[in-house]
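Here are the chains, one letter per residue:
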Amino acid sequence: MKRVYNFAAGPAALPLSVLEKAKEELTDLGGTGMSVMEMSHRSSTFKAIANNAENCLRRLLSIPENYKILFLQGGASMQFDMLPMNLMHNTKKAYYVNSGSFAKKAAKEAQLFGEVIIPASSEEANYTYLPKLTPDMFATPADYVHITYNNTIYGTEFHSVPDVNDQILVADMTSCILSEPIDVSDFGVIYAGAQKNIGPAGLTVVIIREDLIGLVPNLPSMLDYAVHVKNESMYNTPPTFAIYMAGLVLQWLEEQGGIPAIYEINKRKAAMLYDYLDHQSHLFHGIVTNKEDRSLMSVTFTTKDKDLDSRFCKEAEAAGLCNLKGHRIAGGMRASIYNAVSEEAVQALVRFMADFEQKNS
Ligand SMILES: *Cc1c(COP(=O)(O)O)cnc(C)c1O
């Protein structure tokens, strides 16, 4: 069996033990004589699988009782629409911090449903830093404030919850959920596409405070949080295989010691790369200009030479270090070092970078 070191941004690496378990159970899940993909989502077997995934997530993030967990489809991008549809109910205004291209896309969709206020932006610097937020930026009452917790493409991340003047905070945590401790009660809604740190593509997780459900009447059923809550995410056929896989990943995460343990590992992984960029390398440079804004999950860097960058990616690929090419709109390189990417993989990357540097200087 060949397994590469996979630094893909999403869909991203999954733990090998999870893939092996899924393989083992693929044709006969727990003696049912069926694959999980072949059984009714209303069967007791599948209900147990979905409940297990939900309970695992609730334990891992200590999600309070007054928050619901939804397993939806449509990706994080569908939440760019669902969120304003469901939450813009009173002032019909919302703040969107413009910290990256997903943040910008989210703001663009929200404009279909109400007034979008941009309190801060780093677009003018191609998002190479995280806009600084202060409570006075949020003086006008609004229905919520939207932030992108980790800017996957650019490699910036919030390292503390911003003070938004007691407004309801909503976070897109697609590329950082479960990577570090968070206090769910700081947020009204948290959402995440699963394909980065939870499981395969096709599943989107929404964690929503109960008082934010059902504020807007007469929404299309599939786009109404209240409908999905009432039907426990089974209004229609949910993405059963993706939920099953997410459950295995969440169980794996608990076996690793949960968020505190994975957070320590994640900090060591990021430190290895950033230390190399800051203190050892003369060829490679971090792209994010404010060091305190740098992401734990998405490490962006460049040689500042396009051709050399592309040669680096090609040679890395050939050496089994895959998917290091930066996003097409950001350029350079990006190592996505999600939970399932091991310390060993990051060590191998740093070693490879050092070798490459030696040969090219
Ligand atoms: C990947 C990503 C998205 C887009 O997710 P889809 O599930 O493809 O819609 C949105 N926001 C962030 C922060 C992301 O990393």
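Residues numbered from 1 in each chain as written. Predicted model: local features only at pLDDT ≥ 70, side-chain atom pairs only at ≥ 80, totals over all residues. Heavy atoms only, no water.

### Overview of the packing of helix H7 (residues 258-280) against helix H9 (residues 343-359)
The packing of two helices is summarised by the inter-axis angle and the distance between the axes. At a closest axis distance of 9 Å, the pairing of H7 and H9 adopts a crossing angle of 5°. The pairing of H7 with H9 is recorded here as roughly parallel in orientation. In this structure, H7 contributes Ile-265, Arg-268, Lys-269, Met-272, Leu-273, Tyr-276 and Leu-277 to the contact, and H9 contributes Glu-343, Val-346, Gln-347, Leu-349, Val-350, Met-353, Ala-354 and Glu-357. Across the contact of H7 with H9, the residue classes break down as ten nonpolar, one polar and four charged. (Axes fitted to C-alpha atoms, helices over the stretch in contact; angles between N-to-C directions. Helix = DSSP H or I, 4+ residues; strand = E, 2+ residues; numbered from the N terminus. Parallel < 35°, antiparallel > 145°, perpendicular 65-115°, else oblique. Contact = heavy atoms within 4.5 Å. Nonpolar A, V, L, I, M, F, W, Y, C, P; charged D, E, K, R; others polar.)

### Notes on the site of the ligand
In the vicinity of the ligand, 13 residues are found, and the nearest of them are Ser-77, Thr-152, Asp-172, Gln-195 and Lys-196. Ala-76 has a polar backbone atom sitting 3.0 Å from an oxygen atom of the ligand. A distance of 2.6 Å separates an oxygen atom of the ligand from a polar side-chain atom of Ser-77. Protein chains shield 86% of the accessible area of the ligand, which is 390 Å² for the free molecule. It is helix H3 (residues 75-87) that contributes the most residues to the shell around the ligand, four residues altogether. Residue classes in the shell around the ligand are distributed as three nonpolar, eight polar and two charged. (Near = heavy atom within 4 Å. Polar contact = N/O pair within 3.5 Å; in protein donor to acceptor, adjacent residues only side chain to side chain. Areas by Shrake-Rupley, 256 points an atom, 1.4 Å probe, with all protein chains shown as cover.)

### Focus: the side chain of Thr-156
Within the secondary structure layout, Thr-156 lies in strand S7 (residues 156-157). What Thr-156 contacts, discounting residues up to four positions off in sequence, is Ser-99, Tyr-127, Thr-128, Tyr-129, Leu-130, Tyr-149, Asn-150, Asn-151, Val-288, Asp-293 and Ser-295.

### Thoughts on the environment of Ile-287
Mapped onto the fold, Ile-287 is located in the loop between strand S11 (285-286) and strand S12 (298-302). Taking the C-alpha atoms as reference points, Ile-287 and Thr-134, separated by 153 residues in sequence, lie 25 Å from one another. Other than its neighbours up to four places away in sequence, Ile-287 contacts Thr-128, Thr-300, Phe-301, Thr-302 and Gly-331.

### Digging into the sheet that holds S12
Reading across the sheet, the three strands line up as S11-S12-S14 and stay open at both edges, with antiparallel pairing between neighbours. One side of each edge strand has no neighbouring strand; the edge strands of this open sheet are S11 and strand S14 (333-336). Bridge count between S11 and S12: two bridges; the pairing is antiparallel. Across the sheet, Gly-286 pairs through a bridge with Phe-301, a residue of S12. (Pairing = 2+ DSSP bridges.)

### Some thoughts on the packing of aromatic side chains
Within the structure shown, the criterion is met by 13 aromatic pairs. With a centroid separation of 5.1 Å and 65° between ring planes, the pair formed by Phe-284 and Phe-312 is classed as edge-to-face. Residue Phe-284 is found in the loop between H7 and S11, and its partner Phe-312 is found in helix H8 (residues 306-318); the two are separated by 28 residues along the sequence. Neither Phe-284 nor Phe-312 differs from the other in exposure class; each is buried. On the basis of an interplanar angle of 55° and a centroid distance of 5.6 Å, the ring pair of Phe-312 and Phe-352 is categorised as tilted. Highlighted residues: Phe-312 in helix H8 and Phe-352 in helix H9, separated in sequence by 40 residues. By the burial criterion, Phe-312 is buried, and Phe-352 matches it. Here the aromatic residues Phe-284, Phe-301, Phe-312, Phe-352 and Phe-356 are joined through ring pairs into a cluster of three or more. (Phe/Tyr/Trp six-rings, centres within 6.5 Å; stacked < 30°, edge-to-face > 60°. Buried < 20%, exposed > 50% of the residue type's maximum accessible area, 1.4 Å probe, protein only.)

### As for the sheet that holds strand S2 (residues 67-72)
Across a sheet, paired strands are connected by hydrogen bonds in the backbone, their directions being either parallel or antiparallel. Strand order in the open sheet formed by seven strands is S2-S10-S9-S8-S5-S3-S4, with mixed pairing between adjacent strands. Edge positions in the sheet fall to S2 and strand S4 (115-117), since each of these pairs with one other strand and no more. Neighbour-to-neighbour, the strand axes of this sheet turn through a mean angle of 20°, independent of strand direction. In this sheet, strand S10 (residues 204-209) lies alongside S2 in antiparallel orientation, the contact comprising six bridges. By the bridge assignment for S10, Leu-72 is matched with Thr-204. Across the sheet, helix H2 (residues 44-60) lies against S2 and S10, angled at about 130° from S2, the strand it touches most. Packed onto the sheet, helix H4 (residues 101-110) meets strand S3 (93-96), S4 and strand S5 (144-148) and runs at close to 170° relative to S3.

### Looking at the pairing of S3
Two elements, S3 and S4, share three bridges in a ladder whose sense is parallel. Pairing of Lys-93 across the sheet is with Glu-115, part of S4. Crossover handedness for the path S3 to H4 to S4: right-handed. (Right-handed = clockwise from strand over helix to strand, strands pointing away.)

### Quick look at the nonpolar core
In terms of nonpolar packing, the biggest core is built from 63 residues, with Leu-61, Ile-147, Met-173, Ile-177, Leu-178 and Ile-207 touching the most fellow members. Counting residues per element, this core draws most heavily on helix H6 (residues 240-255), at ten residues. Looking at which domains feed residues into this core, each of domain 1 (16-255) and domain 2 (259-359) supplies at least three. Excluding its chain neighbours within four sequence positions, the residues that come into contact with Leu-61 are Ile-177, Leu-178, Ile-182, Val-184, Ile-207 and Ile-259. One finds Leu-296, Ala-348, Val-350 and Phe-352 within the second-largest nonpolar core, a separate group that totals 30 residues. (Core = buried A, V, L, I, M, F, W, Y, C linked by side-chain atoms within 4.5 Å. Domains from an automatic or database assignment.)

Remember, this is a structural readout, not a statement about activity or role.
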